[in-house]
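# Coordinate inspection notes
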Amino acid sequence: MSERKNKEVLSGVHFWQGDTACAEGAIAAGCRFFAGYPITPASEIAEHMAKRLPEVGGIYVQMEDEIASISAVIGASWGGLKSMTATSGPGFSLMQENIGYACMTETPCVIVDVQRAGPSTGQATKAAQGDIMQARWGTHGDHEVIVLSPNSPQEMFDLTVKAFNLSEIYRVPVIILSDEIVGHMWEKVRVPSPEEIEVYNRRKPSHIGEPIFGGVGEVGVPPMPRIGDGFNLLITGSTHNEYGYRKTVDPEVHRRLVTRIVNKIRENADKIIDVETQNIEDADIGVISYGCTSRSVYDAVILAEKEGITVGHVRLRTIWPFPEKVVKEVAERVDFILVPEMNLGQLVYEVERVVGCEARVKAISKIGGGEMITPEEILSEMRKLLGR
Amino acid sequence: MGRIEIIFAGLGGQGMITAGIILARTIAIYGKKFVAQSQSYGPEARGGSARSEVIVSDEEIIYPHVINPDILVIMSKEAMEKYLNKLKPNGILLYDSSILEKPKRKNINIYAIPATKIAFENLNTKAVANIVMLGALIQITNIVNKELVEKTIKEVFPEKFWEVDIKALNIGVEFAKKFTGSSQEVSQQQK
């Protein structure tokens, strides 16, 4: 047993690619079930899980496709295991319906999307950031999910741990929206000691018969039993009352359920949201960034400083729920906000919505071949807007 | 030493990405420097172009891709055409002279390494030409100690490949001594 314990958290410094770090983060957070179907550039996550999960008493299943993968992940979660799948655009599209099922049944699970250039098969080995809106709105109906955006192998580890914790706390699917650049990049990754890693587990009911789909006020998260705990479990994607009974025509039950599963995220957004900021108190121009592109922005901030331009930079580790407050704060202080992304404009529209008339919002878009937006390209856009 | 940008480029299957990872991992773990390795390849398992980028720096690496390469290791015609002119002036170019023509460019340091040929002649396999190139690279640039690369090879590859890979590395080092003299210390002084 103690030997197994040693293998759960590989404390120390490693040279890992992002995908490996993600798999190790999952195991460190207590993930013991992975179901997936291989796809570039996420296959290395499955490969690593296939090797590692048996070492820690976990289960790896290669499924027949992505629809089956997300289904198995949801089932395993109700079986009491922390569970995860990993995919890229085409597979993420296939998973959408059951991501909604996970939202509606309040099933904790983690879905990794290592983004590549779409639509469709697109450029399978090349990075993109084109799934921003799909991660938010890919499944139908009113819902909220949590979406995290790592920018390094280290954050692939750290944010995967965080994803599991948020998923357990809020009983919600959490999506790690990575990309080929971060997923395939190799860098040093420091794995903390087990004591340094905070791990949260879902709250269990205190007695059989306790409501597990409500009865916790308007923004609460109900406790979750495991199949086999002795509950008469009714788990359904149809609208249900707090005990799980289908209520497919009652307007009040639907309003109460769907409003709560949305508000449990919206009302707790301040606790969920994680951003990194630079110079937002005193900036000449603002930049909102996320994922691999944020690394270009950090360099552009240094280059701009040499030219006397102070850049107020907000880097979103949490993309959804959208960090409205901090983006508004920046907008009140600057005339221009740049949003660089490896797509033809996605998050920029959300920034525009939040900023309103406070500042002019401009996209820097680049797609194709997995080419990053360079620091120089961001700097030259700043010069143009500031007339320097 | 600031920031050093290295590109390994060739065809899929030649091991360009592996060579990059071996070098990057050695420097990251034993060299106590910041390293970022990234890669680019097509959807094909073999053939198609494959590239590995290694950035080595004393400071934290923010932008993780190559902007202007200092060092090129080239093993295909397509890669030569694509990257030759991107190499910095006074940059270092190693190319596989058993499969490529000598490139025409002035103001750079060119090293002809017949890696595929000497791998096949000495070890009866072309599959370790990438490691021969890596051996030549570390001898010429002195970027990392050979023994540390051998250590990495043992950590990364299955045991059955240790012997052939370590031999390939040493063949590359020995070959490159004709450019640098007999030891890495000499090449250091020549700089």
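Residues numbered from 1 in each chain as written. Chains lettered and ligands numbered in written order. Predicted model: local features only at pLDDT ≥ 70, side-chain atom pairs only at ≥ 80, totals over all residues.

### A look at the overall build of chain B
For the record, the criterion: Helix and strand labels come from DSSP, where a helix needs a run of H or I of at least four residues and a strand needs a run of E of at least two; each type is numbered from the N terminus. Using C-alpha atoms as the atom set, the radius of gyration is obtained and then compared with a globule rule of 2.2 Å times the number of residues to the power 0.38. Exposure classification rests on a simple neighbour count of other C-beta atoms within 10 Å of a residue's own: a residue reaching 20 or more is buried, one at 12 or fewer is exposed, and one in between is partly exposed. C-beta atoms are placed from the backbone.
Broken down by element type, chain B carries seven helices and six strands. Counted from the first residue to the last, chain B has its helices and strands arranged as β-α-β-β-β-α-β-β-α-α-α-α-α. A compact globule built from 191 residues should have a C-alpha radius of gyration of about 16 Å, and chain B, at 15 Å, falls within 12% of that. Overall, the C-alpha framework of chain B stretches about 40 × 35 × 35 Å when taken along its three principal axes. Taken over 191 residues, chain B has a buried fraction of 47%.

### Here we look at the overall build of chain A
Threshold: Each residue is represented by a C-beta atom placed from its backbone, and any two residues with such atoms within 7 Å are regarded as in contact.
Across its full length, chain A carries 14 helices and 15 strands. Here the C-alpha atoms of chain A give a radius of gyration of 21 Å, agreeing with the 21 Å that 2.2 N^0.38 yields for 388 residues. C-alpha atoms of chain A, sized along the principal axes, occupy 70 × 50 × 40 Å. In chain A, buried positions account for 52% of the 388 residues. At a minimum sequence separation of 6, the contacts of chain A that also span at least 24 residues come to 77%.

### With respect to the interface of chain B and chain A
With 18 residues of chain B in contact, the opposing surface of chain A contributes 16 residues. At the level of elements, helix H1 (16–30) and strand S2 (34–41) of chain B are the ones that each hand at least two residues to the side of chain B that touches chain A. Considering each element in turn, the side of chain B that touches chain A owes the most residues, seven residues, to S2(B).

### Some thoughts on the sheet that holds strand S12 (residues 311–316) of chain A
Residues and elements named next belong to chain A. To keep things clear, this is the line we draw: Strands pair, by our definition, only if DSSP identifies at least two bridges between them. Structural elements are reduced to axes, namely lines fitted to C-alpha atoms, with helices fitted over the stretch in contact, and the angle between N-to-C directions of any two is expressed from 0 to 180 degrees.
Ordered in space as S10-S12-S11-S14-S15, the five strands form an open sheet in which the pairing is mixed. The open sheet has two free edges, formed respectively by strand S10 (275–278) and strand S15 (360–365), since each of these has just one partner strand. Going from strand to strand, the sheet's axes swing by 20° on average, the running direction of each strand aside. Relative to S12, S10 runs antiparallel, the two being bridged by four bridges. Considered in S12, the bridge of Glu-276 is made with Arg-315. Against the sheet, helix H13 (residues 347–355) makes contact with strand S11 (285–290), strand S14 (336–341) and S15, and its axis sits at roughly 160° relative to S14, the strand it touches most.

### Digging into the domain arrangement of chain A
All names here are of chain A. Heads up, the condition is: Either an automatic procedure or a domain database provided the assignment from which the domain bounds are taken.
Per the domain assignment, the segments of chain A are domain 1 (2–196) and domain 2 (275–386). Between the C-alpha centres of domain 1 and domain 2 the distance comes to 27 Å. With 24 residues of domain 1 at the contact, the number on the domain 2 side is 22 residues. For the side of domain 1 that touches domain 2, the secondary structure elements donating two or more residues are strand S6 (123–127), helix H6 (132–137), strand S7 (146–148), strand S8 (173–179) and helix H8 (180–184). The dominant element in the side of domain 1 that touches domain 2, judged by the number of residues it contributes, is H6, at four residues.

### Overview of the environment of Glu276(A)
Its location among the elements puts Glu276(A) in strand S10. Beyond its immediate sequence surroundings of up to four residues, Glu276(A) is in contact with Arg315(A) and Arg317(A).

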